[in-house]
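Listed below are the residues making up each chain.
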Amino acid sequence: EDQLVRFSRPVGMLCYRWNVARAGSSTSPAARAARSPVPVTPKGQATRASILQTAAEVFAERGYAETTLSELIARSGLTKGAFYFHFTSKEQLALAVLEEKQRQWLEFVSQRALAKPVAIDQLRALGPALIKLHREDPGAYSAPRLARDLARMPELAGIVRAQMRGWIDLVASIISRAQQDGDLP
């Protein structure tokens, strides 16, 4: 499995951070995604976040297979060069969107559900929190849709499973605590 080495390097007046794969296959999707430079300037971070949100909305609407890079670039409002600086392939972008939406899901749901003192109440709060998230974020549906679409691709199935693990672990731990409390069989 790839190990990541992180480093930063100034480029002109900007500073970029790269994740570099080491000791694994340099052509795996994970390794390719890891090599994408992540800007550390506020403007670069805002551009990347905007691309991720726009792509999430398009993937939510059309799915992975029906979405083209040309459409993503056009919807982002960026030049091809600016877009490709952040993401060099649709696959890389889709994995980044899935990772970001998973992070947002976990944060949003954790804040609302885990604020409840009893596990059964946390479990009951999950559904309404997910509904609220999907109503507020048009790109939220991209996570389950991309997870389904990308999991059908053998070379990405393991990566998708790993990214979904955080959500599964959260729900499983709440259920386990509710069972320990005697509130669930």
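Caption draft 1: Layout of the packing of aromatic side chains. Scanning the entire structure with this criterion turns up 3 aromatic pairs. Consider the rings of F59 and Y64, whose centres lie 6.1 Å apart with planes at 25°: the pair is stacked. There is no split in this pair, since F59 and Y64 are both buried. With a centroid separation of 5.3 Å and an interplanar angle of 70°, the aromatic rings of W105 and W167 are classed as edge-to-face. Of this pair, W105 sits in helix α5 (residues 90–113) while W167 sits in helix α8 (residues 154–180), and the two are 62 residues apart along the sequence.

Caption draft 2: Focus on the packing of helix α7 (residues 142–151) against α8. Close contact between α7 and α8 brings their axes to 8 Å; oriented N to C, the two are set at 150°. Of the possible angle classes, the one that applies to α7 and α8 is roughly antiparallel. The hand of the α7/α8 crossing is left-handed. Only L156, A157, V160 and M164 of α8 make contact with α7, whose side of the interface consists of A147, L150 and A151.

Caption draft 3: Quick peek at the confidence of the model for the chain. When pLDDT is averaged along the chain, the result is 82, and 78% of the positions lie at 70 or above. Element-level mean pLDDT values for the chain span from 36 in strand β2 (residues 14–22) up to 96 in helix α3 (residues 69–76). Within the model, pLDDT remains below 50 along residues 1–27, and this stretch shows 57 contacts once partners closer than five positions in the same chain are excluded. Of the regions scoring below 50 in pLDDT, residues 29–35 engages in 22 contacts with residues more than four places distant in sequence or in other chains.

Caption draft 4: Looking closely at the nonpolar core. Within the largest apolar cluster, 40 residues are counted, with the highest numbers of intra-cluster contacts made by F59, L93, V109 and L150. Contributing elements (two or more residues each) for this core: α2 (42–62), α3, α5, α6 (119–136), α7 and α8. In terms of residue count, α5 provides more of this core than any other element does, 10 residues in total. What F59 contacts, discounting residues up to four positions off in sequence, is Y64, T67, L72, K90, L93, A94, V97, S142, R145 and L146.

Caption draft 5: The arrangement of α7 in detail. Counting buried positions over the 10 residues of α7 gives 7, a clear majority of the element. If you check which residues of α7 are buried, you get S142, A143, R145, L146, A147, D149 and L150. Residues of α7 that are buried make contact with α2, α5 and α8.

Caption draft 6: Region of the structure containing the pattern of salt bridges. For the coordinates displayed, the defined rule picks out 10 salt bridges. Note that D137 is salt-bridged to K101, the shortest N-O span being 2.6 Å. Pair noted here: D137 is in the loop between α6 and α7 and K101 is in helix α5, with a separation of 36 residues, a long-range link. Both residues of the pair, D137 and K101, count as buried. Note that E136 and K132 form a salt bridge whose closest N and O atoms lie 2.7 Å from each other. Pair noted here: E136 and K132 are both in helix α6, with a separation of 4 residues, about one helical turn. For E136, a relative accessible area of 49% translates into the label partly exposed. Overall, K132 belongs to the partly exposed group, its relative accessible area being 40%. Through salt bridges that share partners, E100, R103 and E107 make up one connected network.

About the thresholds
- Residues numbered from 1 in each chain as written.
- Predicted model: local features only at pLDDT ≥ 70, side-chain atom pairs only at ≥ 80, totals over all residues.
- Heavy atoms only, no water.
- Phe/Tyr/Trp six-rings, centres within 6.5 Å; stacked < 30°, edge-to-face > 60°.
- Buried < 20%, exposed > 50% of the residue type's maximum accessible area, 1.4 Å probe, protein only.
- Helix = DSSP H or I, 4+ residues; strand = E, 2+ residues; numbered from the N terminus.
- Axes fitted to C-alpha atoms, helices over the stretch in contact; angles between N-to-C directions.
- Parallel < 35°, antiparallel > 145°, perpendicular 65-115°, else oblique.
- Left-handed = near helix turned anticlockwise from the far one by under 90°.
- Contact = heavy atoms within 4.5 Å.
- pLDDT = per-residue confidence, 0-100.
- Core = buried A, V, L, I, M, F, W, Y, C linked by side-chain atoms within 4.5 Å.
- Salt bridge = Lys/Arg side-chain N within 4 Å of Asp/Glu carboxyl O.

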